[in-house]
Amino acid sequence: MATSTPPAKTPKSRKLLVLLIVLVTLVALAAAGAAFYLTSQRKEAASATVVPVDPIFIALEPMTVNLQPNGRSRFLHVAVTLKVPDVKSQALVAQYLPEVRSRLLSALSNRAAESLVTPEERAQLAADIMTTLNQPFVANLPSLKISSVMFTTFMLQ
């Protein structure tokens, strides 16, 4: 009886199998390393989120201004609150308060009553006030950093 023996593996196929196992192991290690790196970066980014600072609000005294005449006398009674990001800006507003109020009065009195009716027009007025107040008071002085202008009273008559 003839017995058949299974074909013996050649050394070349054995080397190829070992190389394939090493390659798969390296790819798995690289994937694990990349996953670890990405999760650690995500944790660092989450822990490095900026904690918001408490805003500083400066309430100005209410004021009444005459508006530009369009046939009849109209006036605006308004109270404004300014939002500033830091104590330095708060100190500048306090130091230059008469000029702040003067600029605010000028910005308000140069308006016609009809241009202050809709919420969009009031938002535009707030943006204009912010632009006016953010101008430097003195040539060498940095500009104010007013981040928002809010109307706490707005009465148009």
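See above for the structure.
Time to look at the nonpolar core. Counting residues in each nonpolar core, the largest one holds 29 residues, and the members touching the most others are L76, L82, L108 and I129. Residue assignment for this core shows that the elements contributing at least two residues are β1 (56–59), β2 (63–66), β3 (75–84), α2 (87–95), α3 (97–109), α4 (119–133) and β4 (148–156). Here the element with the most residues in this core is β3; it accounts for 5 residues. Ignoring anything within four residues of it in the chain, the contact list for L108 reads M63, V65, L67, L76, V78, L125 and I129.

What follows is about the side chain of R103. Of note, R103 is situated in helix α3. For R103, a relative accessible area of 16% gives the class buried. Non-local contacts of R103, meaning those with residues more than four positions away in its chain, are made with T132, L133, Q135, P136 and F137.

So, on to the packing of aromatic side chains. Inspection of every chain in the model, using the stated rule, returns 2 aromatic pairs. With a centroid separation of 4.9 Å and 10 degrees between ring planes, the pair formed by Y96 and F137 is classed as stacked. Of the two residues, Y96 is situated in the loop between α2 and α3 and F137 in the loop between α4 and β4; the sequence distance between them amounts to 41 residues. Note on Y96: relative accessible area 18%, which makes it buried. A relative accessible area of 11% means that F137 is categorised as buried. Aromatic pair F151 and F154: ring centres 5.1 Å apart, planes at 65 degrees, arrangement edge-to-face. The class for F151 is partly exposed, based on a relative accessible area of 22%.

The subject of this paragraph is the pairing of β2. Side chains of β2 alternate between two faces, with M63 and V65 buried and T64 and N66 left unburied. Sheet topology places β2 next to β3; 4 bridges connect them, and they run antiparallel. By the bridge assignment, N66 is partnered in β3 with F75.

Turning our eyes to something else, we now look at the side chain of R111. Mapped onto the elements, R111 comes out in the loop between α3 and α4. Of the polar contacts made by the side chain of R111, one reaches the side chain of D128; its length is 2.3 Å. Ignoring any residue separated from it by four or fewer positions in sequence, one finds R111 in contact with L67, Q68, L116, L125 and D128.

What follows deals with the environment of V80. Here V80 lies in strand β3. Look at V80 and you get buried, because its relative accessible area is 2%. For the pair V80 and P62, spaced 18 residues apart in sequence, the C-alpha to C-alpha distance is 6.9 Å. Leaving out residues up to four positions away in the same chain, V80 has contacts with I58, A59, L60, L104, V149, M150, F151 and T152.

The subject of this paragraph is the pattern of salt bridges. All chains considered together, the criterion is met by 2 salt bridges. Here E99 and R103 are joined by a salt bridge, their closest N and O atoms 3.2 Å apart. One end of the pair, E99, and the other, R103, are both in helix α3, 4 residues apart, so they sit about a helical turn from each other. Accessibility expressed as a relative area gives 31% for E99, which makes it partly exposed. A salt bridge links R111 to D128, with the shortest nitrogen-to-oxygen separation between them at 2.3 Å. Of this pair, R111 sits in the loop between α3 and α4 while D128 sits in helix α4, and the two are 17 residues apart along the sequence. Among the residues examined, D128 registers a relative accessible area of 26% and is labelled partly exposed.

What counts as what
Residues numbered from 1 in each chain as written. Predicted model: local features only at pLDDT ≥ 70, side-chain atom pairs only at ≥ 80, totals over all residues. Heavy atoms only, no water. Core = buried A, V, L, I, M, F, W, Y, C linked by side-chain atoms within 4.5 Å. Buried < 20%, exposed > 50% of the residue type's maximum accessible area, 1.4 Å probe, protein only. Helix = DSSP H or I, 4+ residues; strand = E, 2+ residues; numbered from the N terminus. Contact = heavy atoms within 4.5 Å. Phe/Tyr/Trp six-rings, centres within 6.5 Å; stacked < 30°, edge-to-face > 60°. Pairing = 2+ DSSP bridges. Polar contact = N/O pair within 3.5 Å; in protein donor to acceptor, adjacent residues only side chain to side chain. Salt bridge = Lys/Arg side-chain N within 4 Å of Asp/Glu carboxyl O.

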